[in-house]
Amino acid sequence: MGVAGRSVTVIGLGPMGHAMVRAFLARGVEVTVWNRTASKADGLVAGGAVLAPSVEEALAANELVILSLTDYAAMYALLEPAIAALPGRVIANLSSDTPERAREAAAWAARHGARYLTAGVAVSPALVGTPEGHAYYSGPQDLVEAYRDTFEVISRVEYRGEDPGLAALYYQIQMDLFWTSMTAWLHSMALAEANGITVEEILPYSVDVADSLSDFFRFYAPRLAAGNDTGDVDRLAMGVASMEHVVDTVRAAGVDPALPEAVLDVFRRGAAAGHMDRSLTSLREVLQVGGART
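Because the structure is a prediction, the values reported are computed rather than measured. What you see as residue numbers is a count from 1 along each chain, following the sequence as written. Thresholds applied to this predicted model are a pLDDT of at least 70 for local features of residues and 80 or more for the giving and counting of side-chain atom pairs; totals over whole chains, interfaces and linings are not thresholded and use all residues. Computation of side-chain values covers all heavy atoms of the structure but excludes hydrogens and water.

Peer 1: Would you explain the overall build of the chain in this entry?
Peer 2: Only runs of H or I of at least four residues qualify as helices and only runs of E of at least two qualify as strands under DSSP, and these elements are numbered from the N terminus. Scanning the chain from N- to C-terminus turns up 12 helices and 8 strands. The dimensions of the chain, computed from C-alpha atoms along their principal axes, are 60 × 40 × 35 Å. Three exposure classes are used, based on accessible area relative to the maximum for each residue type with a 1.4 Å probe and protein chains only: buried under 20%, partly exposed in between, and exposed over 50%. Per-residue burial for the chain yields a buried fraction of 41% across its 294 residues. In this analysis, two residues are considered to be in contact whenever any of their non-hydrogen atoms come within 4.5 Å of each other. Residue pairs at least 24 apart in sequence account for 61% of intrachain contacts in the chain once pairs closer than 6 positions are excluded. Under the convention used here, a 1.4 Å probe and the Shrake-Rupley method define accessible areas, while residue burial counts only the protein chains that appear. On the chain, roughly 15000 Å² of surface is accessible, and the fraction owed to carbon and sulfur atoms is 58%. When charges are counted, Lys and Arg contribute as positive and Asp and Glu as negative, whereas His and the chain ends are disregarded. Think of each charge as sitting on NZ of Lys, CZ of Arg, CG of Asp or CD of Glu. A gap of 4 Å separates the mean positions of the 22 positive and 35 negative side-chain charges of the chain.

Peer 1: What is the right way to look at the environment of Leu79 in this model?
Peer 2: Looking at the element boundaries, Leu79 is found in helix H4 (residues 72–79). A sequence separation of 38 residues divides Leu79 from Ala41, and the C-alpha atoms of the two residues are 19 Å apart. Setting aside anything within four residues of it in sequence, one finds Leu79 in contact with Ile11, Val55, Leu59, Leu67, Leu86 and Trp108.

Peer 1: What's the story with the packing of aromatic side chains in this structure? I'm lost.
Peer 2: Think of a pair of aromatic rings as described by two things: how far the centres are apart, and how the planes are tilted against each other in angle. Here a Phe, Tyr or Trp ring, Trp counted by its six-membered ring, pairs with any other such ring whose centre lies within 6.5 Å, and the pair is stacked when the planes are under 30 degrees apart, edge-to-face when over 60, and tilted otherwise. Applying the stated rule across the entire model yields 7 aromatic pairs. Plain terms: the ring middles of Tyr136 and Tyr170 are 5.5 Å apart, the flat faces sit at 45 degrees to each other, and that makes the pair tilted. Highlighted residues: Tyr136 in strand S7 (residues 134–138) and Tyr170 in helix H8 (residues 165–194), separated in sequence by 34 residues. By way of ring pairs, the aromatic residues Tyr137, Tyr147 and Phe151 are connected into one cluster.

Peer 1: Please explain the pairing of strand S5 (residues 90–93) as it appears in this structure.
Peer 2: If a strand is regular, its side chains alternate between the two faces of the sheet. Burial along S5 is two-sided: the face carrying Val90 and Ala92 and the face carrying Ile91 and Asn93 are both buried. Any two strands between which DSSP finds at least two bridges are classified as paired. For strand S4 (residues 64–67) and S5, the ladder comprises 4 bridges, and the chain directions are parallel. When the bridges of S5 are listed, Val65 appears paired with Ile91. Consider the strands pointing away from the viewer: the crossover is right-handed when the path from the first strand over the helix to the second runs clockwise. In terms of handedness, the path from S4 via H4 over to S5 forms a crossover that is right-handed.

Peer 1: I tried to follow the packing of H4 against helix H5 (residues 99–111) on my own but got confused; where do I start?
Peer 2: Between two packed helices, both the angle of their axes relative to each other and the distance between the axes serve to describe the pair. To obtain each axis, a line is fitted to C-alpha atoms, and for helices this fit is confined to the stretch in contact; angles are then taken between N-to-C directions over 0 to 180 degrees. H5 packs onto H4 with a crossing angle of 20 degrees between their chain directions and a minimal axis gap of 11 Å. The angle between H4 and H5 falls in the class roughly parallel. Where H4 crosses over H5, the handedness of that crossing is left-handed. Between H4, through Tyr72, Met75, Tyr76 and Leu79, and H5, the contact on the second element is made entirely by Arg101, Ala102, Glu104, Ala105 and Trp108. Taken together, the residues of the contact of H4 with H5 break down into 7 nonpolar, no polar and 2 charged. Each angle gets one of four labels, with under 35 degrees taken as roughly parallel, over 145 as roughly antiparallel, 65 to 115 as roughly perpendicular, and the rest as oblique. Should the near helix be turned anticlockwise from the far one by less than a right angle, the crossing is termed left-handed; should it be turned clockwise, right-handed. Each residue is assigned to one of three groups, with Ala, Val, Leu, Ile, Met, Phe, Trp, Tyr, Cys and Pro labelled nonpolar, Asp, Glu, Lys and Arg labelled charged, and all others, Gly among them, labelled polar.

Structure (structure tokens):
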């Protein structure tokens, strides 16, 4: 079923909100928008969106309301003064926050007569509306199915379950991987430049490492699932020695050593816990809550 002629409200016009509205308009969806700084909607209004003069009127305009805000605190700040307009609305919150806050928000919405979905968009604004990305959804499955065609304008729908915290959990798990990986890359670039190597010169090798990670993930995932930390392929002792060399190299270059030192600390805690002859994957025990510390 096509989405042309359907309607939706989008509250929050940062880069992600803008991208979603543009994608909806391109597919013939009628879009009402609201943003604290109204001028941010000018280009979207020129493209066919309708700017609501207030949050209350934005809520009243459509049954489906998508939130694209910084966090859930921003949601409460905007919607609590407009509680009277919530009954009968379907709130799809695509803002980032914790699983527990997502559960609390779902209960809050229900108390005020609205139905609630948590969502996490695992794609950059530039890829919204393309086949490359996906978004996690959790909450009532009937709501996801009722609006699936509309949500799929944004990105592929990955429904994770009735628990409203699950979409936020899946999203934060991926953000954990993304932000730590990007920070590690920036740190390696700082180390390269401190030694007179340009970003352009080191980039092909950095890409080689990044591309290899997916192979490592696929290799180690079954072992993690089976609890197999046998040191037949790698040993933590190797990792400790390697990270010591990294930290020494970083310090010698005058680059901030805090990030690799943190990794080395985890490795050394694993060693102190008796994992020196086990695989790197044994560090999972250290990283879990209550893991060994020295």
